[in-house]
Each structure stands twice: as C-alpha cells, then as structure tokens.
Amino acid sequence: KDLRFRTMAAWGKGKGKSKGGGAVVQPRAVLPRPQPAGRAPGTAQPAAVGAVPGSGASNATPPPITVSGCQNVTIANIIKGSYTASGSNHNKPIYQKEGSFGTVAVLIYYWDERDGPNFHGWWFGPKVGGDQVWAYSANKASQLPPTIGWKVPWDGAVDPSVQLTHGGGPATIPIRAGAAGALGPRAGLRPGVRAVNSKQLEEVKRREEESKKRVEELKAKREAEESARKEHAAALAVRKAIQKVRTANPDNYDELRAQLEETQAKNLEAMGTQADKVSEEATKALEQAQKRIDDLHAKKLEEEQKKLEQEKLKKEMEEKVAEFVKTSKEEATKMLEKVKETEELVVKLQSDGNTSEFLEALEKAEKQLEETREGTKSTRLKIMEKQKDVADAESFRKVKREVMELSTKLATAFRAMERLGQSLQQAKQRQELKATALEKLEERKKEFSSFDKDKDGKLNLKELKAYCKSKGLDLAQEILDRIMSSLGAITVDKFRAMHQKLFIAHWEAIARKKAEEEQERLRKIEEEKQACRAILGSIAELLQSCEATASAAENRAKPLIKDDTEKGSDEINAEADEVLKSVEEAETTLQSSTGKFSEAKEALAALEAPGQMSSDLQKLEKRESRTKGQLAKITAAVKVAREKAKRKAYAEFDQKRTECATAIRAQMTSKEKSADDFFEELNGGEALDREKFLNFLKDLPGLECFDGQMEKLFDNLATEGSISKAGFKDLVRVFYKCVKATVMSSEISIKSKTIRRLEVGEVLEALATPCQEEATRVMRVQCVATQDELTGWVTVAGNQGTTFLEPGGNFYTCVKETVLSDTLELQDSKTLRRIA
C-alpha cells in the first residue's frame, strides 16, 4: 500500500527507450565465471574491480551490492537482498536483484537529466525508465549506486536505515588466461577464492540446466500449441463448409454437399481429436439441409397448385362478372324504358280536366308510377346486392365504372318517379278541391233558394232573420241592419259573405258576454283575497304579541336555570311563577289564533289562485309552531328551575341546620354539658314550642338568623307543633364527608399516633366543635367514623388551603332512577312512586 507511482507525464516521453545515445540494456543475469590462474585475454585487472564504464577500466565488472535496512515493511520486502550488475543505462551500471525465476524483477539504475533535474539520479524499480519506482537518490555524481541517502518511498523523506554495501559477498577476481603459469597456482589470490569459484560454477550449472529444461518445456508447449492450431484450422475449414451446407438451396445443395465431403476427407487427419465431433456436426447439418430442401420443394409444389387454383378461380370470376354486367345492363335498360313511358304519361295528365274520366286516368297513372318507382328501386338494389359477390374480383375493376353509371341512372330515375308522384298528387288534390268547391257552390245555391221565399234573387230582412234562426243565431236588430247596409242587396254571390258576417257578429257578442262575466269573477276573487289578507294580518298580530310575550318569558327563565345564580329558593320560585304566568298568557293568545288559522285555510281553499297568500300562511304556521316550541322549552326550564329551587331550599335548610347545630354544640362545649343536660336546662326537659325555640336561637352566639329561616327550621324539626328531646339530639348531630384522603389521629396533635387512613367519601360524625391545633394552627375536629365507629382527630382544612372535610354526608342522593316502596321487601312491597 506504500508503493508510489510516477505518472507518465512526469517521466516525459520516451522513458525506457533509447534516447540521447544512452542505450537501454535489457536486464540479464551475468555472474562471474571461474577463471584459471593466469588472466584470460580481455578480462579485467584485479585492481579494476568496481570500475564503471568510462573510468579507464572498460573491461572491469562492477562489484555486487547488498541492500539492507528500510523502515517501510512493504518496500523492504521488495528491495532488500543481493544485486549483481546486468548491463548499463546512461553510461552507468544496472543492478538486478538475485531471485528465483518468475518473481518480480527489482533493478537499480541511473537516469540522467534529459527529463529534467527532478528525475536525475539513482532509482529502484521493476523496469528501467518505468512508471513504477520504490526508492530514489539524488546523488548524481556517484558512478555506483550510493550507499546512503535513499528516499523511501521515492517522494518521501530520506530513510537513514537503508544501506547499500558494495562487494556484498566474497567477490570473484577475474584472472587472465595463462597467468597461472607465470605467477604460480596461488599467486595474486586471496585465501578461499577457489572454494567460492566452485560454488559459483555449481550455481551456473544449475541455472543452465533449469534454462535448458525451460527451453524444452517451451518447445513442447509450442509444438502442442502448433498441433492444436492445425487441428483448429482444419476443423474451422470443415465447419465453414458445414455452414455453407446449412444455407444451401435446392439449386446449389448437391454442389455444396460435394465440397463438404471433399473438405472433410482432405482435413480428416489434420483435425485429430476433433474429427469425430466435426463429422457428427457435418452429418447433422446434411440431415437438416436435406429436410429443409424437401420442405422447400413441398412448399414450391403447394404454391404451384395454389397458383393453378387461383387462375381457375380468376377465370370463373371473370365469367361471373361478365354475366353480372350483361344481366344488369338488360334489367336497367328495360326499367329505364318503362320510366320514360311513365314520364310521358304523367306529362300528358299535367293539364287540368273537369270530367270524372280524368280523375280515373290520374288514378291509373298514379298506380303505374308507383309500380315503376318500386321496380326502379328493386332493380337498383338487386344490382348492388349481386355486386357484392364480384366486388373483390380483379376483372370487376374494369367494369366498375360502367356498373356505377347504371346504378346512378336508376337512382336518378327513382328520384324522378318520386317527383312525378308528387306532381300527380298535387294535380289530384287540385281536382278534388275543385270538385268539392263546385259541390259546395251548388249546396249554397240550394240553401239560398230555400230562404229566398219571394224568389226575387235577394234576401230581405225577414228572410235574413229566418236564416239566423235556422243557424241558432240570436242577433240584435241593429246588428242585422248594419250587415244589410254593408252588403247592400244580398244575392247568391254575397250569401257566403253574409254567412261570415253573421257568425262574426255572433262570436263577438259571445266574447263581450264572457268578458263581462270574467270581470265580475275577478272582482269577487279580489274581494275574497282582501278578506284572506285581513285574516292573515290578524293572525300575524296575534303571533307577534305571543312571540314578544314568549321572548320576555324566556329572558326571565334563562337566569333561573344557570348553575351560578345567587338567587335564593324563594326568589327562584317567585320568578318561576311570573314566567309561568307569561307562558299561560302566550298560550291563551295562541289558542285564539287557532280559529283564525282554520278560517284562513277555508278562505284560501275557496280561492282559485291563492298565490303568495299560501306561502304567507305557511310562514305563519311555522311561526306558530316555533312559538309553541319556545313556550314548551320555557315551561321545561321553569320545571327545572323549580326542581333547582327545591334542591337549593333543602341545601339552605341543611346549611342553616348545620350552622344551628354547630352553634348549639359550641354552647354545649363551653358549658361542658351533654345534649341531655343541655335540653333539661332549656325547658326543664319539656318539648320546645315555636316561641321558646325561636327565642333560644336568637340569643345563641355565632348564629345569624334571617326572617323566616328559623321558622322553616322549626317546622321541619317539629313533631305535632314542638321539638322533643330526641328531635333536639338529632339536631345537634354534625356530620362531615371526607373529600380528600387524610388520616385519623389519636390526639389533637398532628404528630400523635395514626389510627387509620380515611378514604374519599367516608362519613364522620363530629363529637365536638372544631378547634385549632396550636403547633400548626390548623382546625381539627374529634369525630367517630360511621364505617367502623373508630374515634379520633381529623384535620378539617390544611394551612395551605386544602380542604379534607366538608359538612354533610348524612343524606342520600339519588344517582340513578329507581322506585320508592312501602316496605323493605322488594317482591311483596308496593311501589309508591319512581324517584330520579
């Protein structure tokens, strides 16, 4: 992951190629060979070890290098190891890392400043001038890879741990041939040189054997590839022939089949292992091709047969079309000739005639015209129907225009017959009207003669009156005089005009009479409408008065049913009485309007067109219904107010009774007397009458008495006009209801022992008046729990305003509707009434 790459743009063009005369030498392993004692010709002097090209010792071999160190673990595994010279680049040596065959090549090489100063220096990389590099040294003057100062990675900081050691192992010193004889077998050699040369020779021999083995393997691989290529080429040639057979047609099938068999025989041996598979493909292709050829042949025969049938059908259709055209022409020509005859006949009859023979001729012509018209229509329809059978034939297209012209002529003839028929009808109607007119003229003459008694050819006034009487006309004398004056002498020619004038005068007289009757009828209707309007007006006044009374009563009733009203029970009852009085007044007014409504309905029913008054009556009825509903709601509200007054009166009585009981108990406590002793002191143990009880309460400290309250309290407590000892003891009993959970203590002190917890809804009976606890200054009362008769002290209200006890709890409230019975048993008891 720490490998760094230089971009192609940074390296410039031509990196890794021959450039500027500095040829790139491809990496190859060059190991020093063992040398005899004397130097062989062309070998380097011992002192030349480590020299570089151009240093004056051109035949010297650069020393091996050992790379060690490197802090980057990934790059260290790549560059660490032994390197030997393997060529040169830009006049300085290239080193290649020693390793097994097939591993990544690691080179150390030099690059001059041709691509810029940034790329000038020594590099570690897998390829000379390549894009991938691992380390870089900017030491440009060194003839050999520098020993220190390497950047790892190449664009990072200098890694001081990277060390290059020149002559990293025992180096082999090249010796010239023949030198051993001159110097002796051991002259110029360091101890151990021969042993090192033997190892190197073994290594060279091992590498040569490996190289030879690789060459043999490569040769075998190439031979196998060449054999496979030949098999593939042969199979491909046969498959090309097979493909041609697959697309063969009946014309070239035999030729392509022969070519396939020839190609298959020619390449049979060359196909080798693929021969069977290719032969199977060829057989299958031939079978498929033969089947397709057979199918094509059968299809061709079928098409030829179909073509013959189509030609036969075409010939038959041409004959049918020719027959159709011939028949159509004959029928159309015959019908058109008949049309022409009919037209000539009708034209002759266009002139008017006066004889009955002329009318008979018209009827015969009309009959012939109808027959010709229907014949023309049926002939045209017949031609069009037959045309459907031959319309799709090719030969029909040649005669289609001719047939269409025949159809058009027949259609034109049909329309001409219709026009002639209309002309005949008009001529016939004219003759009939003329005959009718003549008949009426004769009848009029006869009628005139019947009334012309004196046979002077004119009608006088007497004869005119006789005519009017026969027609049921009752006209005044002045009208008859006016008609005779306007007509002059009434001859037979003016008889029709006389008749019209008489009847016009008759209908005018009738119209005048009807107009007078209509005016009288409208007058009566208007009088009836005025009467209805008066009734509706009186109803509206009554309803307005009733609505005003109901609204006032409603306004007075609303405050009575509010929960926050501060009025007392007596005041509520007094207001309720006033509201009920207003309601009764309004109901009385409504009852008086009921008769008016009936009267108005009868009057409207008698009218022919009541119009808006019916709508007005409906509106008044809605107002009446709304007012009745309003009064019913007010009555219900008064009932609720009375019930509320009852509850409030009872609450007031209960409150005053509680106040009275509290005041009496306070007096008893101050005197330290029991209820029995206190009652003995009041009246010597005798029952208290009204006067003594009221005087006792007036003098009682801490009790406010208002007019009538104490009297009501006495009336409620007294039995037969007095209060007994038992009634007095019941009066002074005070009960409290727990409204918030608290505790009952054994002493007045809050810190005293807790007897038990009190739950919401429990009822307690006070044994004394409440008193203040000195430590907390809260009011506490001694009481007994009615649930389990435990006695203790309970806080009435806390010093923060929280209420724990409220007076009450000694009464029942009905929370759901039930029955009030006369005995304890439910089954055998009698229900007195229902309570809710």
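This text follows the structure it describes.
Here we summarise the structure given alongside this text. Just so it is clear, the structure is predicted and the values come from calculations on it, not from any experiment.

Counting secondary structure elements, the protein chain contains 18 helices and 19 strands. Counting over 836 residues, the protein chain shows a buried share of 32%. Once local pairs closer than 6 in sequence are excluded, the contacts in the protein chain between residues at least 24 apart make up 60%.

Enumeration over the complete set of coordinates arrives at twelve aromatic pairs. Centre to centre, the rings of Y83 and F124 are 6.0 Å apart; their planes meet at 80 degrees, and the pair counts as edge-to-face. Of the two residues, Y83 sits in strand β3 (residues 81-89) while F124 sits in strand β6 (residues 121-125), which places them 41 residues apart along the sequence. Residue Y83 shares its accessibility class with F124, and that shared class is buried. Joined through ring pairs, the aromatic side chains of F448, F451, Y467 and F495 make up one cluster.

Before going further, it helps to examine the nonpolar core. Of all hydrophobic cores here, the largest spans 30 residues; its most connected members are I539, V579, L631 and I634. Sorting elements by how many residues they give to this core places helix α12 (residues 495-557) first, with ten residues. Excluding residues within four positions of it along the chain, I539 makes contact with K596, F597, A600 and L620. Listed in part, the 23 residues of the second largest apolar core include F693, L694, L700 and L731.

This part takes up the sheet that holds strand β2 (residues 65-68). Reading across the sheet, the seven strands line up as β8-β6-β5-β4-β3-β2-β9 and stay open at both edges, with antiparallel pairing between neighbours. Strands with a single pairing partner mark the edges of an open sheet, and in this sheet they are β8 (135-137) and β9 (163-166). Taken pair by pair, the neighbouring strands of this sheet meet at an average axis angle of 30 degrees, ignoring direction. Inspection of the sheet shows β3 paired to strand β4 (residues 92-97) by five bridges, in the antiparallel sense. Within β4, the residue paired with T84 across the bridge is Q96.

Tracing the backbone shows R665 in helix α14 (residues 612-671). No salt bridge is formed by the buried R665; its nearest oppositely charged neighbour, E765, is found at 6.0 Å. In contact with R665, not counting residues within four places along its chain, are V732, R733, V734, A766, L767, A768 and T769.

The probe, sized like a water molecule, is rolled over the atoms to show the empty space still left. Throughout the structure, instances matching the rule amount to two cavities of 30 Å³ or more. A volume near 40 Å³ is recorded for the second largest cavity. Lining the second largest cavity, in full, are T662, R665, V734, Y736, A766, A768, T769 and P770. Among the elements of the structure, α14 and β10 (734-738) are those that each provide at least two residues to the lining of the second largest cavity.

A few words now on the side chain of E762. Within the element layout of this structure, E762 appears in the loop between β12 (754-758) and β13 (763-766). Polar side-chain contacts of E762 include one of 2.7 Å to the side chain of R756. If near-sequence neighbours (up to four positions away) are discounted, E762 is found in contact with Y736, K737, C738, R756, R757 and Q787.

This part is about the pattern of salt bridges. Under the counting rule described, the total for this entry stands at 28 salt bridges. A salt bridge links K329 to E402, with the shortest nitrogen-to-oxygen separation between them at 2.0 Å. Of the two residues, K329 sits in helix α7 (residues 275-348) while E402 sits in helix α9 (residues 396-451), which places them 73 residues apart along the sequence. Across the pair R523 and E520 runs a salt bridge whose closest N-O atoms are separated by 2.3 Å. Linking R523 with E520, this pair stays in helix α12, spanning three residues, or about one helical turn.

Reading guide: rules and limits
Residues numbered from 1 in each chain as written. Predicted model: local features only at pLDDT ≥ 70, side-chain atom pairs only at ≥ 80, totals over all residues. Heavy atoms only, no water. Helix = DSSP H or I, 4+ residues; strand = E, 2+ residues; numbered from the N terminus. Buried < 20%, exposed > 50% of the residue type's maximum accessible area, 1.4 Å probe, protein only. Contact = heavy atoms within 4.5 Å. Phe/Tyr/Trp six-rings, centres within 6.5 Å; stacked < 30°, edge-to-face > 60°. Core = buried A, V, L, I, M, F, W, Y, C linked by side-chain atoms within 4.5 Å. Pairing = 2+ DSSP bridges. Axes fitted to C-alpha atoms, helices over the stretch in contact; angles between N-to-C directions. Lys, Arg positive; Asp, Glu negative; His and termini not counted. Salt bridge = Lys/Arg side-chain N within 4 Å of Asp/Glu carboxyl O. 1 Å grid on protein atoms, 1.4 Å probe; cavity = no way out; pocket = protein on both sides within 12 Å on 5 of 7 lines; lining within 4 Å. Points joined across faces, edges and corners; volume = space filled by probe spheres on them. Polar contact = N/O pair within 3.5 Å; in protein donor to acceptor, adjacent residues only side chain to side chain.

Honestly, that's just the spatial picture; any functional story needs more than this.
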